[in-house]
Amino acid sequence: MDENAGKRESDPDEALPSASAAESGASDFDDICGHLGDDYDRYLGAIVPPIFQNTLFTRKRSNQGYTYTRVTNPTIEIAERKLAAMEGGEAARCFSSGMAAISAALMSVMERDCHIVCPSRVYAPTRFFLESYMARFGVETTFVSGTDLDEFEAALRPQTRAIYLETPLSNLFTLQDLRAVAELARSRGAATIVDNTWATPLFQNPLAFGIDMVVHSATKYMGGHSDILAGVLIGSRERMERVTHEERGLFGAAMDPHQAWLLIRGLRTLPLRMERHQESALRIAAWLERHPAVERVLYPGLPSHPQHELARRQMSGFSGLLGFVPRGTREQAAAFVKALRLFEEGPSWGGFESLINSPGLDLDEEASRRTGMPQRLLRISVGLERADALLADLDRAFAEMRRA
Ligand SMILES: *Cc1c(COP(=O)(O)O)cnc(C)c1O
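How each quantity is defined
Residues numbered from 1 in each chain as written. Predicted model: local features only at pLDDT ≥ 70, side-chain atom pairs only at ≥ 80, totals over all residues. Heavy atoms only, no water. Pairing = 2+ DSSP bridges. Helix = DSSP H or I, 4+ residues; strand = E, 2+ residues; numbered from the N terminus. Axes fitted to C-alpha atoms, helices over the stretch in contact; angles between N-to-C directions. 1 Å grid on protein atoms, 1.4 Å probe; cavity = no way out; pocket = protein on both sides within 12 Å on 5 of 7 lines; lining within 4 Å. Points joined across faces, edges and corners; volume = space filled by probe spheres on them. Domains from an automatic or database assignment. Contact = heavy atoms within 4.5 Å. Buried area = accessible area lost by both parts, 1.4 Å probe. Salt bridge = Lys/Arg side-chain N within 4 Å of Asp/Glu carboxyl O. Polar contact = N/O pair within 3.5 Å; in protein donor to acceptor, adjacent residues only side chain to side chain. Nonpolar A, V, L, I, M, F, W, Y, C, P; charged D, E, K, R; others polar.

Take the sheet that holds strand E4 (residues 160-166) next. Sheet architecture is open: 7 strands sit in the order E1-E7-E6-E5-E4-E2-E3, paired in mixed fashion. At either end of the open sheet lies a strand with only one pairing partner, and these are strand E1 (91-95) and strand E3 (140-144). Shown here is a sheet whose adjacent strand axes are inclined to one another by a mean of 20 degrees, direction ignored. Sheet analysis places strand E2 (residues 115-119) next to E4, joined by 3 bridges and oriented parallel. Directly across from His115, in E4, lies its bridge partner Thr160.

Here the largest pocket defines a volume of roughly 710 Å³. Around the largest pocket, the lining comprises 33 residues; the ones closest to its centre are Tyr123, Ala124, Pro125, Ser170 and Arg379. Of all the secondary-structure elements, those providing two or more residues to the lining of the largest pocket are helix H3 (98-109) and helix H4 (124-133). Per-element accounting of the lining of the largest pocket gives the leading share, 5 residues, to H4. Counting contributing residues, the lining of the largest pocket receives three or more from each of domain 1 (21-268) and domain 2 (270-403).

A separate point is the domain arrangement of the protein. Put simply, an interface is often sized by how much accessible area is lost when its parts join up. Each assigned domain of the protein is listed with its residue range as follows: domain 1 (21-268) and domain 2 (270-403). With 37 residues of domain 1 in contact, the opposing surface of domain 2 contributes 37 residues. For the pair domain 1 and domain 2, the summed buried area comes to about 3,100 Å², and 61% of that belongs to carbon and sulfur atoms. Of all residues in domain 1, the largest losses of buried area upon contact with domain 2 belong to Trp198, Phe203 and Tyr221, amounting jointly to 26% of the total for that side. Linking domain 1 to domain 2 there are 1 salt bridge. Across the salt bridge formed by Asp177 and Arg313, the nearest N and O atoms sit 4.0 Å from each other. Scanning the region where domain 1 abuts domain 2 turns up 18 residue pairs in polar contact (both at pLDDT 80 or more). Listed by contribution, the elements that provide at least two residues to the side of domain 1 that touches domain 2 are helix H1 (26-34), helix H7 (200-203) and helix H9 (257-268). In terms of residue class, the side of domain 1 that touches domain 2 is built from 18 nonpolar, 14 polar and 5 charged.

This is the structure:
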């Protein structure tokens, strides 16, 4: 397998954000997303490799090592080669969803009665998996804020098998320091796993900072069209080979070939889409920050973000998901959401369509304090529509909000 196509800038101090997406590695990403693994000679010159929509490769005639699609399949392999190269990893494994990849990554490092450290505001099902589900098997998790290295260090125990990260967090948009946490974990013999869904491999490559494994919900930007569920796990060849036979093989949350083919199609336009998401989101975030109806904006791309320096050190760009807190009452925040016309309401993100979500509106004050989730926090996923049209929609909804 040729998995060394991901050569690019890995010194984070030099990979500063720029208006055009991932300038330092743009041509590599174009090449990986557009062409890597699309072996024309092997597939009769087809400009798009076919979907191998079969479960079995007959033993009498298969001379390429393929046996059964849960183990691997040529279409899934093309997606995996692209994804490994994008993250600068040795190998990748696709799963039927992001949660399948996340649970597999964690299961691959956990053992009975072990201990995990994790930021408290990670993706809610991830938290539920650790806090409730794995607790049944004696696994204990210490939840930390994620913004303080001392807190990570204080949480470590001899039984700590992994530090699980998600940076930036997709609800509060705070960051964890990848290099510092990777060093700390390594010095204590714990593995590190990062959910890199927000930044995508175009804007952040955790493996370059010494992180052991990266997971993505490819349902979001990588698929990009709100039409597939998909997940991917990237890491060393050794870890990924073990995962093929253990977590993916035994729990069976393998990717379907058709899903892989749609993922490959999504990846072909990922660099182009991320450029547009970034450009529009930076503009909208700056506009919101100046708007009199807005209390504060949560977006690592803004110089006012408390961890903006760290963001520039470990990311080369910013995607299109951001939060803001409007002034006024909860009722006014709800009225704002209803008044929008271009932004549909819903919890997912990373697709072509702009979305808004209000994760705190149903919380009472006590729950809001306990979880650190502001009641009026609104989260928008900036889609591929023209930024001017999105700004006009937001502006009109603010005007209606004030009348509510
Ligand atoms: C959506 C999401 C997931 C889960 O992905 P699925 O494909 O829905 O299983 C994990 N992490 C983050 C940050 C997400 O937004």
